[in-house]
4 protein chains.
Amino acid sequence: MPSQPALRALVLNCTLKPSPGTSNTEALAEVLVDALESHEVATEQVRVVDLDVHPGISSDAGDGDEWPSIRAMVVASNILVMASPTWLGQPSSVAKRALERLMAMLGEQDEEGRPIAYNRVAGFVVSGNEDGAHHVISEMAGALMDIGFTVPGQAWTYWNRGPGPGPSYLEDEEGRDWSHATARAAASNLAAVARALHEQPIPPPPP
Amino acid sequence: MPSQPALRALVLNCTLKPSPGTSNTEALAEVLVDALESHEVATEQVRVVDLDVHPGISSDAGDGDEWPSIRAMVVASNILVMASPTWLGQPSSVAKRALERLMAMLGEQDEEGRPIAYNRVAGFVVSGNEDGAHHVISEMAGALMDIGFTVPGQAWTYWNRGPGPGPSYLEDEEGRDWSHATARAAASNLAAVARALHEQPIPPPPP
Amino acid sequence: MPSQPALRALVLNCTLKPSPGTSNTEALAEVLVDALESHEVATEQVRVVDLDVHPGISSDAGDGDEWPSIRAMVVASNILVMASPTWLGQPSSVAKRALERLMAMLGEQDEEGRPIAYNRVAGFVVSGNEDGAHHVISEMAGALMDIGFTVPGQAWTYWNRGPGPGPSYLEDEEGRDWSHATARAAASNLAAVARALHEQPIPPPPP
Amino acid sequence: MPSQPALRALVLNCTLKPSPGTSNTEALAEVLVDALESHEVATEQVRVVDLDVHPGISSDAGDGDEWPSIRAMVVASNILVMASPTWLGQPSSVAKRALERLMAMLGEQDEEGRPIAYNRVAGFVVSGNEDGAHHVISEMAGALMDIGFTVPGQAWTYWNRGPGPGPSYLEDEEGRDWSHATARAAASNLAAVARALHEQPIPPPPP
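All of the points below concern the structure found in this document. These numbers come from a predicted model, not from an experiment.

### Examining the relation of the copies chain D and chain B
Step number 1: Expressed as a screw operation, the relation of chain D to chain B combines 0.0 Å of axial shift with a rotation of 180°, fitting to an RMSD of 0.0 Å. Taken together, the rotation and translation relating the two chain copies correspond to the operation of a two-fold axis.
Step number 2: Most of the interface of chain D is mirrored in chain B, where 100% of its interface residues are also at the interface.

So this is what it looks like as C-alpha cells:
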C-alpha cells in the first residue's frame, strides 16, 4: 500500500493568557492534535499571544512585528486550526488579530495564480466558561472562507457548560466524551479533505 | 405615592411547535412574564407559529395573512419580548419571519413624526438543547435596534446545557436558578427603561 | 481524455417573494448557475417560498408538508447553493426554514455510516438593497458545516450597494462585474471540491 | 427653562492604524461627535491602538497596561460610542480587545449595588471598504448589552460602498448624506436615552 502524502497542520491557540498560564483552549486542542497525528498529520502549535503580533492587514508590519514567523508556518501547512476561547459569546481579540493578518493572503498568489489559501483546509476548537461556541466557529469560518480556505463539514469541536458563567474545560469532566469524540471526527474530516485537495487541487479561478 | 404608569408587554413565542405541543421556550418565558407582572406590567403572549403569518416585509400581506393582529398587539405594547428556541446556534425561522414583518415599522411614524418603534423596549428569552443563546440574542437585538426599539442592558435570559446536544429546559433542573434570576433582572430592567422612556420620550429625529 | 464525473447542483432560492414575482436573488443566482453548467454541473433551482414547507426539524412533517420533494433534490445533488436576500442584515426566514429542515440530516447516515451531508459542498448567493451579505453567508455556512456540508474557499458571491437602503440588483448595474466574476470563481471552486470529494470521499467518522 | 443635565460621551476609535495615520473611522465618527455636542454632550475621543492595552478580562492587567486610563474615561461617561472599521465583515481586533476589557465591569457595582454599566448607553459608528456594518454593530451591541449598557434604537451610523472591496469613506462622497443624517439621528437618540436614564435610573436588580 502506498503511503499517504505527508500533511502538516498548524494550531493557532488564541487564548488571552500568555505562557506559562494554563490554557483551557490548548487543553481541548490537544485532543484534536492527537487525533490529527493518528492520521499521519504532523502538527505544530503556537500560542499567538506570546508573540508580538502587530495590528494591521499586511503580511509583515515591520518594526519588530512577529507575525511573519506565524505566517510562514501557515503557508507551510495544509491544515489550519483556529482555537479560541469564548468571551461575551464571541471569538477572542487574539483570534481576530490573527484573522486580520491572514487577510493579507487575499492579495497573494501561488505560482499557478491561485490565491495562496486555496487547497488549505481550516478547523476550529472553542472552549469557554459560557455559551457561544457555535457563533465563534461561524465567525472564524466565515473569515477564513473569505480568504480562500476550505472548511470541511463537522471540522470543529467545543466545550462549555451553561447556562450562565460556569466552570472551564479543565475544571469539569462533564461533557468531555462528546467534545473528544467530536474532535476525533473533526480530525478525520480535516485530514480527508486536505488529502483530497492535495491529490486533486482546486484550479486557479477563471480569468 | 402616585401610581406608576400602566405598561404593557407582548411576548412573541417563536417556537417551531404549534399548540398544543409543549414549548420549552414558553416555559422559560413564563418566568419573565411573572416577573414583569410583579412590576405592574400587563403581559400578553402569542405563539406565532399558530397563526398564518405570510412571508414579506409589509405590515399586511393580505389574502388571509394573520400578522396584522400581532402587529396591533406590538403597537399597543411598551415592551416586546422575543422568545426563540436555538436551532443550529441561530434564531428560529419563526423569529426571523416576525422580525421581517416588524421591519415594516421602519416606514411608519407616530403623530409626532417618530418611527413608531421609538420609545418601545425589547427583551429576549432563548431556550435550546445546545449552545447558541448569546448569538440568538444578538441577532434579534440587532434587528430590533435597527427598527427603532431600545434594548436595555441585561434584558434577556437563556437556558441550555452543553456541550453538544443535551436536554431541553423542561427536562433538566440544572442551571434554572441562574436562568430565573437573570429573567427577574431582565424584567426589572425592561420595566425601568420602558417607564423612563414613557416619562421622557426620545424626540423625533432631527430633519 | 476521460470525461469528468457528472455532478448535480441544487439552488434553493430563499426570496420572500412567491412566483411569479421578480426575484433579485434569482437573477444573481443565474450567473452562478450558468457558470456551474460551464463546468458540466447539471443544475436545478427551487423557489422555496412557492412550496408549503412546514416549520420543524424533521425530514417529513406530514400533513401536506412539501419539504420532502426539496429534500430529495438535496440528496440527489453534490452541490447545494443557498441563495438569500438580505433583510435587517440577516438571512431570510425562508433560508432559516430550509436550514432547520436540513438539520434532520444530522440524524441520517448513508450506507457506509456517514452523515448524509458528508461529501456534499455548499455555496452561497446573497442579494440585498443594503449591507449584510458577509454575515448572511457566514450564518448559512455555519449551519451547513454543522450538518456536514463542506464549504470550499470563496464559494459565494453577493451584490448590494450601500450605505443605507439602496437599489436592488436588477435596478443598478454598478458593481455587477465584481459580483459576476466572483460568481464564476465560486462555481469553479464548488465544482472542483465536489469532484475531489467524489473521487476521494471523506470516510465515516471514527467510532 | 432649566438647563439640561451635563452629559459626557466617550468615543473609542478602534481603527487598526496608529496615529498619525488617517482613520476613516475617526472621520465618520466626527459627524456623530459634532451632533452629540449640539445636544450639549461633552465628548472625548481615544484612538485605542495608540495605547498599550493588554489582552485579558480584568480592569487593570498591570505591568504597563494602559487600559485603566480608558476605563476611567468610560466610567466618567454616560454615553460610550464604539467606532470600528470592518475587516472580513467583522469588528476589528482592537474593538474586540476593548470589549474584553470592558467585560470586567460585569463584576463591578456602583454604590447602590448596580452593575456599573447600568444607566449608560452605547452607540456605534462603522466604516469599511466592504460590506459588513450591520453585523459589526450587532456584535458590539450584543457584547455591551451583556455587560449592562442600554442600546437606544437607531443609535448608529455606517458607511461602505459595495459590492466587493471598494473605496474608503474619505475617498468617495457617495452616500455620505445618508450616513451623516443617520449619525445625527443616532446622536439625538443617544442623548435622549442617556438623559432619561439619568433622570429616572434603572434600579439595582432584584436580589
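So, next bit.
### With respect to helix α5 (residues 176-199) of chain C
Step number 1: With 24 residues, α5(C) extends 34 Å from end C-alpha to end C-alpha; this agrees with the ideal 34 Å at 1.5 Å per step.
Step number 2: With 18 of 24 residues buried, α5(C) is to be regarded as a mostly interior element.

### Describing the packing of aromatic side chains
All names here are of chain B.
Step number 1: The tally for this structure, following the rule as stated, stands at 12 aromatic pairs over all chains.
Step number 2: A ring pair is formed by Y158 and W178, whose centres lie 5.1 Å apart and whose planes are at 70°; its orientation type is edge-to-face. Remark: W178 occurs in helix α5 (residues 176-199) and Y158 occurs in strand β5 (residues 156-159); sequence separation between them is 20 residues.
Step number 3: Judged by its relative accessible area of 25%, W178 falls in the partly exposed class.

### A look at the sheet that holds strand β4 (residues 121-128) of chain A
Residue and element names in this part refer to chain A.
Step number 1: The parallel open sheet is built from 5 strands, whose spatial order is β2-β1-β3-β4-β5. With one partner strand each, in any of the chains shown, β2 (41-47) and β5 (156-159) form the two edges of the open sheet. Neighbour-to-neighbour, the strand axes of this sheet turn through a mean angle of 15°, independent of strand direction.
Step number 2: Relative to β5, β4 runs parallel, the two sharing 4 bridges. By the bridge assignment, F124 is partnered in β5 with W156.
Step number 3: In the packing of helix α1 (residues 24-38) onto the sheet, the strands contacted are β1 (7-13), β2, β3 (79-86), β4 and β5, and the crossing angle to β2 comes to about 165°.

### Observations concerning the environment of D:Q109
All names here are of chain D.
Step number 1: In this fold, Q109 is placed in the loop between α3 (93-102) and β4 (121-128).
Step number 2: Q109 sits in the exposed class, given a relative accessible area of 58%.
Step number 3: Along the chain, Q109 and P204 lie 95 residues apart, while their C-alpha atoms are 9.4 Å from each other.
Step number 4: If sequence neighbours within four positions are ignored, Q109 has contacts with R114, P115 and I116.

Cut-offs and rules
- Residues numbered from 1 in each chain as written.
- Chains lettered and ligands numbered in written order.
- Predicted model: local features only at pLDDT ≥ 70, side-chain atom pairs only at ≥ 80, totals over all residues.
- Heavy atoms only, no water.
- Least-squares fit on C-alpha atoms with pLDDT ≥ 70 in both.
- Contact = heavy atoms within 4.5 Å.
- Helix = DSSP H or I, 4+ residues; strand = E, 2+ residues; numbered from the N terminus.
- Expected span 1.5 Å × (residues − 1).
- Buried < 20%, exposed > 50% of the residue type's maximum accessible area, 1.4 Å probe, protein only.
- Phe/Tyr/Trp six-rings, centres within 6.5 Å; stacked < 30°, edge-to-face > 60°.
- Pairing = 2+ DSSP bridges.
- Axes fitted to C-alpha atoms, helices over the stretch in contact; angles between N-to-C directions.

Any functional reading would require information that these geometric values do not contain.
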